[in-house]
Each structure stands twice: as structure tokens, then as C-alpha cells.
Amino acid sequence: MGERLDELDLSLRLSRSEEAERLAAAQTRLVWLRLSLGGQVGAAQGLGPPLCVVFEGWDASGKGGCIYRLVSPLDPRHVRVASFAAPTYDEKRHHFLWRFWPMLPGWGGMAVLDRSWYGRVLVERVEGFATETQWRRAYQEICEFERTLVDEGMILVKFWLHLSEHEQLKRFERRQHDPLKQWKLTDEDWRNREKRAGYEAAVEEMLDRTDTPYAPWSLVEGESKRWARVTVVETVIRAIEEGLRSRGFEVPAQPAGLEPKLHS
């Protein structure tokens, strides 16, 4: 285990100016693509395919910051962000995928999921909240679920944000001493650190079993928050453009004069 995660280059960095320039360009392009998917521009094509972006990763790996950079330039009426924690008592009465269906986007829509159905083969596996039979069966169930969504037309983007154990500790300690961020750090986060090896094994098997041609994983080097944020937005742009092309839609060109706005 550990092969795919170990292959990531966690030394990748961007300067503040590089981040600002690339992020501004990417966000401008993303807004235009999002308007195109929603039928607000280029109405001749009608509604575009639904877009669902799934975020998984280590605690303190920067998921929140990446999600903010992804959705902040968009009209909030055009995107839904959903966060998933432990299932409620009522949700446990249903199949584990049941609670995710209402959050999925329809045609012309976009959803961003902070955590997802992969909890079944990650935290539920490691912490013993699912039986071995249940989490082993879940790989096929997840793949079939994602296959159904993609066959229906969905553009599905899946991110795993990776960072080293050392960097994670530094971020935990910064949160602990920041009154505005202490709420992000829980006793459970500290306990999870002690089970890093078990989680790494679970992540590697998840990647091996659920990285498919129709729903591939994008692994993001999260040691540098600037690098991760730019990588996420640029990856989503490529996925939208490739998804439109493969589904027979025209990829909308950026209008002349629509230049990114750099803020000093």
C-alpha cells in the first residue's frame, strides 16, 4: 500500500503572484463554462450536462479552501455545496447511498460535495462503523452508482487532497491556536492521526478499486495550499471541456474582451 500516494510530488509550489494570475484566469473561464452548462449563455445548446465535484482528503488538507476558490466566482443560485458528516439515525435505516441522491445536480446544474459516499470505504471501514462484508461490497456498489450517473450524462470529478503527516500536524497546531479556526479541530481529528497507516491502506484500496475510465480520481498535491487551489479549478475546467466534447456538445469559446481581473 501507499504506492499512488507516495508517487505524488509534495514539493510543488506556486508563488503568490503565480497563484493570483492562474486562479484569476481559471475562475474567469469557469464562470463562462458554468453559465454555458446552465443555459444562461449560448442558449442554442440548451442545458448542458450536470456537473458534480466530489472532495475527499486528509483532515486539514485544504478541501474548504479549494471549494471556496471553486464556487466563490459563481452565482450562488447556480451551484449547490453540500457537506456530509456521519449519517443520522434515520439515514442509517437506508442503503448508504440513499442520502446522497437528493444533493446530486440535474441537467444544467452543479453540485460540490464536501465528503461523499466514499466514507463507506474510508472512515466507516477504519473505525468499524461498517462490517467488512459491507465495505468490501461497497466498491462495486459505488462503481455501479457512478456508472449510472455518468451514463445519464453527468460530468463527475473526484478529488483526493493529499498532504504529509508532518504538514497536517502543523495545520492542526495552527488551528488549535486560532480562535476563528478552533471549531475545525476536534478530538476525532487527533484520533484519526493515530490511525494514519490504516487510513492510507484504505485510501490506496479505494483508489485501486474505484478509479475508473468513466469516473477517474484526480490526486492533488496539497502540501501547498496555493498549488492545490489552482490545480483544483484548472482540473474542473478540463473535465467540463472534455465532458462537453465527449457528449457531443460544443465547447464554448471565451468571448473576446473577457479578461480575468487581477486584484492587488
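Look up a bit, the structure's there.
What counts and how
- Residues numbered from 1 in each chain as written.
- Predicted model: local features only at pLDDT ≥ 70, side-chain atom pairs only at ≥ 80, totals over all residues.
- Heavy atoms only, no water.
- Pairing = 2+ DSSP bridges.
- Helix = DSSP H or I, 4+ residues; strand = E, 2+ residues; numbered from the N terminus.
- Axes fitted to C-alpha atoms, helices over the stretch in contact; angles between N-to-C directions.
- Contact = heavy atoms within 4.5 Å.
- Buried < 20%, exposed > 50% of the residue type's maximum accessible area, 1.4 Å probe, protein only.
- Parallel < 35°, antiparallel > 145°, perpendicular 65-115°, else oblique.
- Left-handed = near helix turned anticlockwise from the far one by under 90°.
- Nonpolar A, V, L, I, M, F, W, Y, C, P; charged D, E, K, R; others polar.
- Lys, Arg positive; Asp, Glu negative; His and termini not counted.
- Salt bridge = Lys/Arg side-chain N within 4 Å of Asp/Glu carboxyl O.
- Phe/Tyr/Trp six-rings, centres within 6.5 Å; stacked < 30°, edge-to-face > 60°.
- Lys NZ or Arg CZ within 6 Å of the ring centre and 35° of its normal.
- Disulfide = S-S within 2.5 Å.

In this section: the sheet that holds strand β3 (residues 110-114). An order of β2-β3-β1-β4-β5 is seen for the 5 strands of this open sheet, with the pairing classed as parallel. Each of the sheet's edge strands pairs with one partner strand only, and the pair in question is β2 (80-83) and β5 (217-221). The sheet shows a mean angle of 20° between the axes of neighbouring strands, direction not considered. Note that strand β1 (residues 51-57) and strand β4 (residues 155-162) share 7 bridges and pair parallel. Looking at the pairing, V54 lines up with K158 of β4. Together, β1, β4 and β5 form the strand contacts of helix α9 (residues 225-246), whose direction differs from that of β4 by roughly 160°.

It is worth spelling out helix α3 (residues 63-71) at this point. Three or more residues of α3 are buried, namely K63, G65, C66, I67, L70 and V71. Buried-residue contacts for α3 involve α2 (16-37), β1, β2, β3, β4 and α9.

Glancing now at the pairing of β1. Most of β1 is tucked away: 7 of the 7 residues are buried. Residues L51, V53, F55 and G57 point to one face of β1 and C52, V54 and E56 to the other, with burial holding for every one of them. Two elements, β1 and β3, share 5 bridges in a ladder whose sense is parallel. Residue pairing in the sheet places V54 in a bridge with L113 of β3.

It is worth spelling out the packing of helix α5 (residues 132-151) against helix α8 (residues 196-210) at this point. Running from amino to carboxyl end, α5 crosses α8 at an angle of 40°, the nearest separation of the two axes being 10 Å. Judged on the interaxial angle alone, α8 and α5 are oblique. In terms of crossing hand, the pair formed by α5 and α8 is right-handed. Residues W135, R136, Y139, I142, C143 and E146 of α5 touch α8, and the partners they reach there are E205, M206, R209 and T210. Its residues placed into classes, the contact of α5 with α8 shows 5 nonpolar, 1 polar and 4 charged.

Here we come to the side chain of D189. Structurally, D189 is set in helix α7 (residues 187-193). Notably, D189 is buried but unbridged: the nearest opposite-charge side chain belongs to R175, and the N-O separation is 5.2 Å. Residues contacting D189, with those up to four places away along its chain left out, are D59, F172 and K184.

With that out of the way, let us pick up the packing of aromatic side chains. Within the structure shown, the criterion is met by 11 aromatic pairs. Across from the ring centre of W135, 4.1 Å away, lies the NZ or CZ of R125, which sits over that ring.

Here we come to the state of the cysteines. Counted by the stated rule, this structure contains 0 disulfides. With no disulfide of its own, C66 lies 16 Å from the sulfur of C52, the closest cysteine sulfur. Relative accessible area serves as the criterion here: at 1%, C66 is assigned to the buried category. Of all cysteine sulfurs in the structure, the one in C52 sits closest to C143, which takes part in no disulfide; the separation is 15 Å. Given the relative accessible area of 12%, C143 is considered buried.

The next point concerns the packing of α2 against α9. When two helices pack together, their arrangement is given by the angle between their axes and by how far apart the axes lie. Where α2 meets α9, the axes come as close as 9 Å, and the angle between the chain directions of the two elements is 30°. Put simply, α2 runs roughly parallel to α9. Classified by chirality, the crossing of α9 by α2 is left-handed. For the pair α2 and α9, contact is made by R16, E19, R22, L23, A26, Q27, R29, L30, L33 and L37 and by R226, W227, R229, V230, V233, E234, V236, I237, I240, E241 and L244, respectively. Here the residues of the contact of α2 with α9 are counted per class, giving 12 nonpolar, 1 polar and 8 charged.

Examined against the element boundaries, L104 turns out to sit in the loop between β2 and β3. The exposure class assigned to L104 is buried, which follows from its relative accessible area of 12%. Distance in space between the C-alpha atoms of L104 and S11 is 35 Å, their sequence separation being 93 residues. With residues up to four places along the chain from it excluded, the contact list for L104 reads C52, R80, W117, F145, L149 and M154.

What follows covers unusual backbone geometry. Both trends apply: most residues other than glycine have a negative phi, and most peptide bonds are in trans. At A60, a position not held by glycine, the phi torsion is positive, near 70°. Its location among the elements puts A60 in the loop between β1 and α3. One non-glycine residue, R115, lies in the positive phi region at around 75°. Position of R115 among the secondary structure elements: in the loop between β3 and α4 (123-126).

Geometric descriptors of this kind do not, in isolation, establish any biological role.
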